[in-house]
Amino acid sequence: MSVSSATKLLNGVRVLDMSRILAGPFASMILGDMGAEIVKIEHPEVGDGTREWGPPFLGSESAYFISINRNKKSVGVNIKHEKGADIIKKLVKKSDVLMENYIPGQLDRMGFGYEEIKQINESLVYCSITGYGSDGPYATRAGYDVIASSVAGLNHITGPENGDPCRAGVAMTDMSTGLFAHGAILAALLHREKTGLGQKIECNLLSTQVSMLTHVASSYLNAGLEAKRWGTGHASIVPYQSFKTKDGKFLTVGAGNNKHFEKLCQLLKVEDLITNNKFRDNKDRVVNRVELIGILSEIFQAKTMEDWLVILEDCGFPYGPINNMEETFNDPQVLHNKMIMEMDHPACGRNIRIPAPPVRYSSHSYLDATSPPTLGQHTREVLSNLVDFTDEQIDELVASGVVK
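This text gives an overview of the structure that appears in the document. (Residues numbered from 1 in each chain as written. Predicted model: local features only at pLDDT ≥ 70, side-chain atom pairs only at ≥ 80, totals over all residues. Heavy atoms only, no water.)

**Observations regarding the overall build of the protein**
Each helix and strand in the protein was counted, giving 18 helices and 13 strands. For the C-alpha atoms alone, the extent of the protein along its principal axes is close to 85 × 50 × 40 Å. For the protein, contacts bridging at least 24 residues in sequence account for 69% of all contacts bridging at least 6. Each charge class in the protein was averaged separately, 41 positive and 48 negative side chains, and the resulting centres sit 2 Å apart. (Helix = DSSP H or I, 4+ residues; strand = E, 2+ residues; numbered from the N terminus. Contact = heavy atoms within 4.5 Å. Lys, Arg positive; Asp, Glu negative; His and termini not counted. Charge placed at Lys NZ, Arg CZ, Asp CG, Glu CD.)

See below:
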């Protein structure tokens, strides 16, 4: 079923995406999900670095790459070549947004910095994503998620209470930066509608992650409380963590207030804990965390996960199992929410399945989503339609290695 482009939220918006790896491509994928046309610029020989991030591979494509690059047109072009640079500048003239994540100064030296690009298209929204910012002592350092999340304190507060620091299971700093970037781009486009002017947006992994420390940061900045690792637990709420069950699985329970705690105690048949002065209020439960968690842990290990899920049904407080990937993608609510997107991908040799967009709209559909592109899949289409090159001109560029 085809969906009219006129119904797309960002119909008519063109994004020239010169970013690579995760933060930028994640942001541009979200914009593509909203209906923007995403022209993904890639090196003509190796493409986006995540194309090589495997195994697993599906045919010629990595599972990593296909997870964050749907709804995009791939153009393979050597931007360091004079003719390649000319192609980029021609595309800039016909674009609404440019995204990049080069080390600060690199694109300026190549003639693609904001001040130069603004002379070509003053209404362009130019979004720059870096590791640490465009200036300052770390500006020229390369930035990957795990490094930024280390410097910004996330890894310090992630992991077992008495264990080593850990990285999050997925690149949350990268993806959070992508979320901030996509929101900033939308705000800048709205501002352009009012003023006719574009602007430069600067996002960076370090600042994103520092801002995401939220209450942990506030506890340090305002109360001088140094953070520590709590495993699945919480520094300020008890009980709010996972408990091992009889069959070796883990159940997460969040009794976030006194009412929730009372209900939990009733279901666990330990009503005496409700009136125990050690556990009467959350602040008491935090102080006496070790004793309370010890009592609850022993109780939860007496029954299987299946038993507990039956007991806790309709309890009124949050709870849920820690699922592996098989369990996650067979979870009835995940299936109900249609969180698996399936699409044809000839280069993979079969249909691919990836996580679907999480947001629903009353007047926007994802039914005509396109599969992640192969390297240079749309080069001829884009150069012909947007740059007005003839087939002969494109053939010459391909032969000389400027494009693929």
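Don't stop here, the text continues.
**Comments concerning the environment of G76**
For G76, the position within the fold is in strand β5 (residues 73–76). Residue G76 is classed as buried on the basis of its relative accessible area, which comes to 0%. For the pair G76 and V398, spaced 322 residues apart in sequence, the C-alpha to C-alpha distance is 9.6 Å. Not counting chain neighbours up to four residues away, the residues in contact with G76 comprise E42, P44, G376, T379, V402, V403 and K404. (Buried < 20%, exposed > 50% of the residue type's maximum accessible area, 1.4 Å probe, protein only.)

**Structural notes on the nonpolar core**
V15, L31, M99, C127 and I185 are the most contacted members of the largest nonpolar core, which has 30 residues in total. Looking at this core, the elements with two or more residues in it are α1 (23–33), β6 (97–100), β7 (125–130), α7 (172–195) and β8 (199–204). In terms of residue count, the dominant contributor to this core is α1 (six residues). Residues contacting M99, with those up to four places away along its chain left out, are V15, L16, D17, M18, S19, G24, A27, S28, L31, C127, I129 and I185. The next biggest cluster of nonpolar side chains, apart from the first, holds 29 residues, and it includes L16, Y102, F112 and V402. (Core = buried A, V, L, I, M, F, W, Y, C linked by side-chain atoms within 4.5 Å.)

**Quick word on the pattern of salt bridges**
Applying the stated criterion to the full structure yields 18 salt bridges. Notably, a salt bridge pairs E37 with R14, separated by 2.8 Å at the nearest N-O pair. Residue E37 is found in strand β2 (residues 37–42), and its partner R14 is found in strand β1 (residues 14–17); the two are separated by 23 residues along the sequence. Given the relative accessible area of 18%, R14 is considered buried. Residue K73 pairs with E37 through a salt bridge whose shortest N-O separation is 3.0 Å. Of this pair, K73 sits in strand β5 while E37 sits in strand β2, placing them 36 residues apart in sequence. Looking at K73, the relative accessible area reads 22%, which means it is partly exposed. Through salt bridges with shared partners, a single ionic network connects R14, E37, K73 and E381. (Salt bridge = Lys/Arg side-chain N within 4 Å of Asp/Glu carboxyl O.)

**Observations concerning a nonpolar patch on the surface**
A surface patch of nonpolar side chains, about 510 Å² in accessible area, is lined by W53, Y138, Y144, V146, I147 and V151. Take Y144: it is sitting in the loop between β7 and α6 (145–151). Of the residues examined, Y144 reaches a relative accessible area of 47% and is grouped as partly exposed. (Patch = residues over 30% accessible without salt bridge, like charges linked within 9 Å, V, L, I, M, F, W, Y side chains within 5 Å. Areas by Shrake-Rupley, 256 points an atom, 1.4 Å probe, with all protein chains shown as cover.)

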